[in-house]
Amino acid sequence: MKHIIVGLITLGLSLGCSDDGELRIREFSSTVNAFVEHQNNQRKYVLHLPPTYDGLSDVPLVIMLHGGGGNAQSVQGFTQMNPVADANGFLVAYPQGFGPTQNGFSWADGRATSATNMGVDDVGFIAKMIDDVRSEYRIAPNNIYACGFSNGGFMSQRLACELENVFAGIGTLGATISSEVLAQCSNTQSIPMLLMLGDADPFVPYHGGTVANNPSLIEGAEALADYWKENNRCQTTRPELLLPDLDSTDSSTVSLVEFSDCDCNAQVSLYRIDNGGHTWPGVENVSYEMIAGETNEDIDASSVLWAFFSQHQLCE
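What counts, and where the lines are drawn
- Residues numbered from 1 in each chain as written.
- Predicted model: local features only at pLDDT ≥ 70, side-chain atom pairs only at ≥ 80, totals over all residues.
- Heavy atoms only, no water.
- Phe/Tyr/Trp six-rings, centres within 6.5 Å; stacked < 30°, edge-to-face > 60°.
- Helix = DSSP H or I, 4+ residues; strand = E, 2+ residues; numbered from the N terminus.
- Buried < 20%, exposed > 50% of the residue type's maximum accessible area, 1.4 Å probe, protein only.
- Lys NZ or Arg CZ within 6 Å of the ring centre and 35° of its normal.
- Core = buried A, V, L, I, M, F, W, Y, C linked by side-chain atoms within 4.5 Å.
- Contact = heavy atoms within 4.5 Å.
- Salt bridge = Lys/Arg side-chain N within 4 Å of Asp/Glu carboxyl O.
- Pairing = 2+ DSSP bridges.

J.: Account for the packing of aromatic side chains, naming residues and giving values.
T.: Here the structure, examined in full by the defined rule, presents 12 aromatic pairs. Judged by centre distance (6.4 Å) and plane angle (50 degrees), the ring pair of Phe28 and Tyr137 falls under tilted. With Phe28 in strand β3 (residues 23–28) and Tyr137 in the loop between α4 (122–136) and β10 (139–149), the pair connects residues that are 109 residues apart, well separated along the chain. As far as burial versus exposure is concerned, Phe28 and Tyr137 are alike and both buried. Taken together, Phe90, Tyr145, Trp306, Phe308 and Phe309 form an aromatic cluster joined through their ring pairs. One cation-aromatic arrangement involves Arg43 over Phe125; the distance from NZ or CZ to the ring centre is 3.9 Å.

J.: Describe the nonpolar core, and please don't skip the residues or the numbers.
T.: Core analysis: the largest hydrophobic core is formed by 56 residues, its most contacted members being Leu47, Ile63 and Tyr137. Top element by residues in this core is α4. It accounts for 6 residues. Those residues within four positions of Leu47 in sequence are excluded, and the remaining contacts are Ser30, Thr31, Val32, Leu61, Leu91, Val92, Ala93, Val133 and Tyr137. Counting residues in each nonpolar core, the second largest holds 33 residues, with Met81, Val84, Phe149 and Leu173 among its members.

J.: Go over the pattern of salt bridges with me, naming the residues and quoting the values.
T.: Evaluated as defined, the whole model comprises 10 salt bridges. Close ionic contact of Glu162 with Arg158 constitutes a salt bridge, the shortest N to O distance being 2.9 Å. Residue Glu162 and its partner Arg158 are both found in helix α5 (residues 151–162); the two are separated by 4 residues, about one turn of the helix. In this structure, Arg272 engages Glu240 in a salt bridge whose closest nitrogen and oxygen atoms are separated by 3.1 Å. One end of the pair, Arg272, is in strand β18 (residues 268–274); the other, Glu240, is in the loop between β15 (236–237) and β16 (241–242), and 32 residues separate them in sequence. The exposure class assigned to Arg272 is buried, which follows from its relative accessible area of 18%. If you follow the salt bridges from partner to partner, you end up with Asp226, Lys229 and Glu230 in one network.

J.: Account for the pairing of strand β17 (residues 253–260), with residues named and values stated.
T.: β17 sits mainly inside the fold: 7 of its 8 residues count as buried. Where β15 lies against β17, 2 bridges are found, and the strand directions are antiparallel. When the bridges of β17 are listed, Thr237 appears paired with Phe259. By the bridge criterion, 2 bridges tie β16 to β17 in an arrangement that is antiparallel. Pairing of Leu241 across the sheet is with Leu256, part of β17. Relative to β18, β17 runs antiparallel, the two sharing 7 bridges. Residue Thr253 lies in a different strand from β18, and its bridge partner there is Asp274.

Now the structure itself:
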């Protein structure tokens, strides 16, 4: 696999031996464009390495899936996950969808997307990408996580259902799950699950139905949380908690319901963004809000995701 290095902004260093036995320093770029061949196509992903990465010890890997119409570059600005990775020392892989959209790409998440209609195997692509990253970098095998927004969030649920004993945690934001995917979900692994959705999302209905411009049925956020609660055999439902309203100007608050005492410590956390739109909490885009609704500023979704992921390891 050939990596194309696109940035040398931050370099990590490690020691290795050259052919003549002398010590040499290996440098790591902060950003790497990479490709894997899948279904006779070159599939792209972008890898972000924190400045602390030195190649000497295993580190966690977070996979971040862009929304429909996005790409591997745009999702980095949309989520601001890279600064969280830099502060906490994990790698982030940003795979890119393949189905064409007006401004970017889509995922075959089980609904009627362009990628699904083309027969794209995105589950297989993500599995290959993980193997590819692990072949080049020191990745902790029990600390691989996947998350996504919108189309990418629906895709993260398909990964949870179809790739067993791979992920130590899943995050689904601005999305739920395709009803068809849920009906066929065969994964018996207990997977820690973080769900986050605005109850005023203009595109993804909080209680289920259909997404704008897509006829496929989807489940509601609470129904999805209940599914994983049962799958993970959680014994305790904590009372709904209203999080502090740190920004009173955003016209939005956050409520949290948690299911705990689960097999393998696989808790389920449902964040309802009250009056929240189809946005990424903590990253405001004023022009985007005109069509997508309010952005909650009480929490930073990327930091919340990492705080959740960092509590969990793969439990087979």
